[in-house]
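Structure assessment
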Amino acid sequence: MTEEIMKALDGELFAVWFLIGAALVFWMQAGFAMVETGFTRAKNAGNILMKNLMDFCIGCVVFIAIGFGFLLGEDMMGFIGKPGLDIFTAYESFDWSNFIFNLVFCATTATIVSGAMAERTKFLSYCVYSGVISALIYPIEAHWIWGGGWLAQMGFHDFAGSCAIHMVGGIAAIVGAKMVGPRIGKFEKDENGKVVKVNAFPGHNIVVGALGVFILWLGWYGFNGAACTSVDQLASVFVTTTIAPSIATVVCMIFTWIKYGKPDVSMCLNASLAGLVAITAPCDVTDAFGAIAIGAVAGLLVCFGVWLLDYKLHIDDPVGAVAVHMMNGIWGTIATGLFATTSAPDNDSLVGLFYGGGFHLLGLQILGVLAVGAWACIGMIIVFSIIKAIFGLRVSEEEEIEGLDSTEHGLASAYAGFSIVDMSSAGMVENENTSLGETDYEKASEAKKNASVPVVNTAKAVEGTSLDTGMNKVVIITKLSRYDKIKRALNTLGITGITVTQVTGCGIQKGAGQMYRGVEMDLTLLPKIKLEVVVSKIPVDSVIEVAKKTLYTGKIGDGKIFVYPVSRVVKIRTGEEDFDALQDVE
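Here goes a summary of the coordinates provided. In this text, all values refer to a predicted model and were calculated from it rather than measured experimentally.

Re unusual backbone geometry
- A positive phi angle, close to 80°, is found at E119, a residue other than glycine.
- Within the secondary structure, E119 is located in the loop between α4 (96-116) and α5 (123-146).
- A positive phi angle, close to 55°, is found at H314, a residue other than glycine.
- Counting through the fold element by element, H314 comes out in the loop between α11 (288-313) and α12 (321-339).

In structure tokens form, the structure reads like this:
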């Protein structure tokens, strides 16, 4: 009787732990949101947070409707579960625990893509994608593995989702990132279209990114451990889930220290996640040595993956989602066939190649990777192609440059409390003296050109006098979205160095009508850039003409140009002065 009571209590205990584990996995959404936000630019922080929130919320809606049935419904020919609405028709006997547990895993799959497609994807299109992967792509392949489908029947092993979740999310990420294209300025090309330079876009808040990694690591104990059925198995899973990311991070630190001369912070954060992803499939069947080997490879693989996407495939992945999830999801799944051992608690049958088990399990793992990978790749190509044709995937160039917080959500800044200036009630109005301009620069009159891009040239006053040094500073204030064009135009003219400052300005150019909690905000201070250059050899009039022609649209807000005489220039390093000081751009 005592033994029966203890078994009953043990069963109840692990039933509760199962739900606690699900809660930890849900908390991982916060981790993903922090990592992706910290690794991208501040102007898109609100958009990233919104996508991570909607991944779960939209996923919940479609999972109720059809996703849960496809995953755990009655098996139909080993391919798909039978859809049903038992949550409505038979709630008293519904499998509540399995529903919430599998829902949080489904949301994890969907949210992996957010980081890879960050900073240039339409919010509407992303929401459609999120619904489709949660309703169809993930539940069907997860049924093959966990719902009694054909892979499960063959003996394929993926304890917590290296393949079913991370590889699938990573494949969706690389397909989406490829189809949406790189962020503006990520890759520079020559006249033949060949990529000649890869530019880095540092994340705006590495502290937030690190917090996200720690949140994810904590959640991963629930991710990998929630399905355990004994204390020994749970403890072993906690051990392997700790060892693998630790080793991966140390290996990555050493590698980046040797290769780049400094240990790379963001890469080490990625490596921690890579080790967690890799150990997810074999966490219950491997030992400490296996976890060390799996983590070591993961730490190198994530570095290779980031390099491969940037320098060979030229696919822009702002947060390293593909390297972390796809590549290490594949590695972790295959590693199960290499490092599985019966010395792991509650594993009496699975033995990997390196422990004398031969190639049988390894072959099954490779088959699973190929089958699930093909399903995810083909499915996501179709899904993104349809979304692209109907809604479009990418925002406009101007929207991307200004930031998705403002253009997609009407959010002036995710950090409004840290604004340097008050951006409310700062507008001016147009009147009878306002010139709205002509859109074609060549057709516009001189008056219209001057009205669109006014020039204030104080250097004229000293021309021909003893104060005329032949050196002038040109200051250009214009829209943030025109930065790349004016930079290239000035460079073509022969200018090799400029100083750029981000500023805000107000005038009769109106900002988007923004709402906060249903209340319209008078937000008319707009983001601008101020470019400063000192010229001597290049004529000032040439700089002015190039700038006017490049910036001109005929609309309010094209910009202004100021010219100031410069009396003296000193180069600190060499002591050279005036004209000589301006000739060297070292």
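Things to note about the nonpolar core
- With 110 residues, the main nonpolar core has Y129, W331 and M380 as its most contacted residues.
- Beyond its immediate stretch of four places on either side in the chain, W331 contacts A278, A293, I294, V297, A298, L301, L338 and F339.
- Core analysis: the second largest hydrophobic core is formed by 19 residues, V474, A547, L551 and I561 among them.

Some details on empty space enclosed by the protein
- Within the structure shown, the criterion is met by 1 cavity of 30 Å³ or more.
- A volume near 90 Å³ is recorded for the largest cavity.
- Taken together, F32, V35, E36, I112, G115, N270, L273, V319, G320, A321, V324 and H325 form the lining of the largest cavity.
- Broken down by secondary-structure element, the contributors of at least two residues to the lining of the largest cavity are α1 (2-38), α4, α10 (265-280) and α12.

A closer look at helix α18 (residues 540-551)
- The terminal C-alpha atoms of α18 lie 16 Å apart, and with 12 residues this matches the ideal 16 Å at 1.5 Å per residue to within 8%.
- The set of residues buried in α18 consists of V540, V543, I544, A547, K548, T550 and L551. Along the long axis of α18, the arc covered by the buried residues comes to 165°, so they all point the same way.

Focus on the environment of C268
- Mapped onto the elements, C268 comes out in helix α10.
- In the structure, C268 is positioned 20 residues away from A248 in sequence and 8.3 Å away in space, judged by C-alpha atoms.
- Apart from residues lying up to four places away in sequence, C268 is in contact with T249, C252 and M253.

Considering the packing of helix α17 (residues 483-493) against α18
- Interhelical geometry of α17 versus α18 gives an angle of 150° and a closest axis separation of 10 Å. In this view, α17 runs roughly antiparallel relative to α18, as classed from their interaxial angle. Crossing angle aside, the handedness with which α17 passes α18 is right-handed. On the side of α17, the interface is formed by K485, I486, A489, L490 and L493, while α18 contributes S542, V543, V546, A547, T550 and L551.
- By residue class, the composition of the contact of α17 with α18 is 8 nonpolar, 2 polar and 1 charged.

So, the layout of surface pockets
- Size it by volume and the second largest pocket reaches roughly 730 Å³.
- Taken together, the elements giving at least two residues each to the lining of the second largest pocket come down to α9 (231-260), α10 and α11.
- Among the elements that take part in the lining of the second largest pocket, α11 stands out by supplying 7 residues, more than any other.
- Of the residues that constitute the lining of the second largest pocket, the class distribution is 16 nonpolar, 7 polar and 6 charged.

Details of the packing of aromatic side chains
- Applying the stated rule across the entire model yields 23 aromatic pairs.
- Ring centres 6.3 Å apart and planes at 85° place the aromatic pair F105 and W146 in the edge-to-face group. Residue F105 is found in helix α4, and its partner W146 is found in helix α5; the two are separated by 41 residues along the sequence.
- Aromatic ring contacts, followed pair by pair, group F18, F101, F105, W146, W220 and F223 into a single cluster.
- When the ring centre of F201 is taken as origin, the NZ or CZ atom of R41, which lies over that ring, is 4.5 Å away.
- Geometry around Y126 places K51 over its ring, the cationic atom sitting 5.2 Å from the centre.

Some points on the environment of K262
- Tracing the backbone shows K262 in the loop between α9 and α10.
- Those residues in contact with K262 that sit more than four places away from it in its chain are T256 and W257.

Some words on the pairing of strand β4 (residues 195-198)
- When strand β3 (residues 187-189) meets β4, the two strands line up antiparallel, connected through 3 bridges. Bridge pairing in β4 links F187 to V198.

Reading the values: rules and limits
Residues numbered from 1 in each chain as written. Predicted model: local features only at pLDDT ≥ 70, side-chain atom pairs only at ≥ 80, totals over all residues. Heavy atoms only, no water. Helix = DSSP H or I, 4+ residues; strand = E, 2+ residues; numbered from the N terminus. Core = buried A, V, L, I, M, F, W, Y, C linked by side-chain atoms within 4.5 Å. Buried < 20%, exposed > 50% of the residue type's maximum accessible area, 1.4 Å probe, protein only. Contact = heavy atoms within 4.5 Å. 1 Å grid on protein atoms, 1.4 Å probe; cavity = no way out; pocket = protein on both sides within 12 Å on 5 of 7 lines; lining within 4 Å. Points joined across faces, edges and corners; volume = space filled by probe spheres on them. Expected span 1.5 Å × (residues − 1). Arc of directions from axis to C-beta. Axes fitted to C-alpha atoms, helices over the stretch in contact; angles between N-to-C directions. Parallel < 35°, antiparallel > 145°, perpendicular 65-115°, else oblique. Left-handed = near helix turned anticlockwise from the far one by under 90°. Nonpolar A, V, L, I, M, F, W, Y, C, P; charged D, E, K, R; others polar. Phe/Tyr/Trp six-rings, centres within 6.5 Å; stacked < 30°, edge-to-face > 60°. Lys NZ or Arg CZ within 6 Å of the ring centre and 35° of its normal. Pairing = 2+ DSSP bridges.

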